[in-house]
Amino acid sequence: MASIRQRLIRLMVGLSLAVTTGGVTAAAVTAMSDPTAAHASSTVGGSILRSEVLARAQYWVDQNVVYGTVFDGNDHVVSTRSAPDRDGKAYRTDCSGLVSMAWHLSNSPTTSDFQDWPSSTHLANADDLKPGDAVLFPGHIELFAGWKNDSDHNRGAWSYSLNGPADHDWAKGPVPNSHGQVGTIEYGDIQKNIRLRYPNIVDDPQVD
């Protein structure tokens, strides 16, 4: 169970994202402050709210999920680990597994799969990213959580990611995980890499 301090930090981050992204609403604030309150309402491969995508990613952060894919010298997968989402469905514990879990996909595509994945939209403009979209690097992918400053995207963004190496990197997001790790992406890296949008992602209803 998260401490009161951890809950307050997450609430502040959630409020910051709500103010600075325009795509994170009160539902996302609830998810960030207490992921257990945002139980899955999506189904595997179905439509999913942006706030639920963030809550699912935060769940792995809270569960202290560690990177678990081991490669040989030729970049071939030697072994993998997996971890469950809140409903018990297992996903591979690497960068693409985290995004797959957050999007509630039926399986865990690899970064190579995401490169030519037919079920995604490539965003032409970096500034069009919304929380729950993804940034695809060569051999790596991260979930976009929100701009650090909506009026100055050059300051970069918060992200959810699981980078590796095995046993030395844990799932991380906008709030420091239990190992002090935080997920961030530089604006230049967002610009020069591929920006993906899951077609089944849905903007949260606006709250008056």
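If you're wondering where the values come from, they're calculated on a predicted model, not measured in any experiment.

Caption draft 1: Broad picture of the overall build of the protein. For the protein, the count of helices and strands is 6 helices and 12 strands. In the protein, which comprises 208 residues, the share counted as buried stands at 51%. Contacts in the protein between residues far apart in sequence, at least 24 positions, make up 59% of those at least 6 positions apart.

Caption draft 2: How the structure looks around the side chain of Asp85. Along the chain, Asp85 falls in the loop between strand 4 (82-84) and strand 5 (90-92). Owing to a relative accessible area of 2%, Asp85 belongs among the buried residues under this scheme. At a separation of 2.9 Å, a polar atom in the side chain of Asp85 contacts the main-chain amide nitrogen of Asp87. Not counting chain neighbours up to four residues away, the residues in contact with Asp85 comprise Arg56, Tyr59, Trp60, Tyr91, Met101 and His104.

Caption draft 3: Broad picture of the pairing of strand 7 (residues 134-137). Both faces of strand 7 are covered, namely the face carrying Ala134 and Leu136 and the face carrying Val135 and Phe137. Judged from the 4 bridges that link them, strand 7 and strand 8 (residues 140-147) form a sheet pairing that is antiparallel. Bridged to Ala134 within strand 8 is Leu143. The turn joining strand 7 and strand 8, which pair antiparallel and follow one another in sequence, is formed by 2 residues; a positive phi near 75° is taken by Gly139.

Analysis parameters
- Residues numbered from 1 in each chain as written.
- Predicted model: local features only at pLDDT ≥ 70, side-chain atom pairs only at ≥ 80, totals over all residues.
- Heavy atoms only, no water.
- Helix = DSSP H or I, 4+ residues; strand = E, 2+ residues; numbered from the N terminus.
- Buried < 20%, exposed > 50% of the residue type's maximum accessible area, 1.4 Å probe, protein only.
- Contact = heavy atoms within 4.5 Å.
- Polar contact = N/O pair within 3.5 Å; in protein donor to acceptor, adjacent residues only side chain to side chain.
- Pairing = 2+ DSSP bridges.

Shape descriptors only; they carry no functional weight alone.
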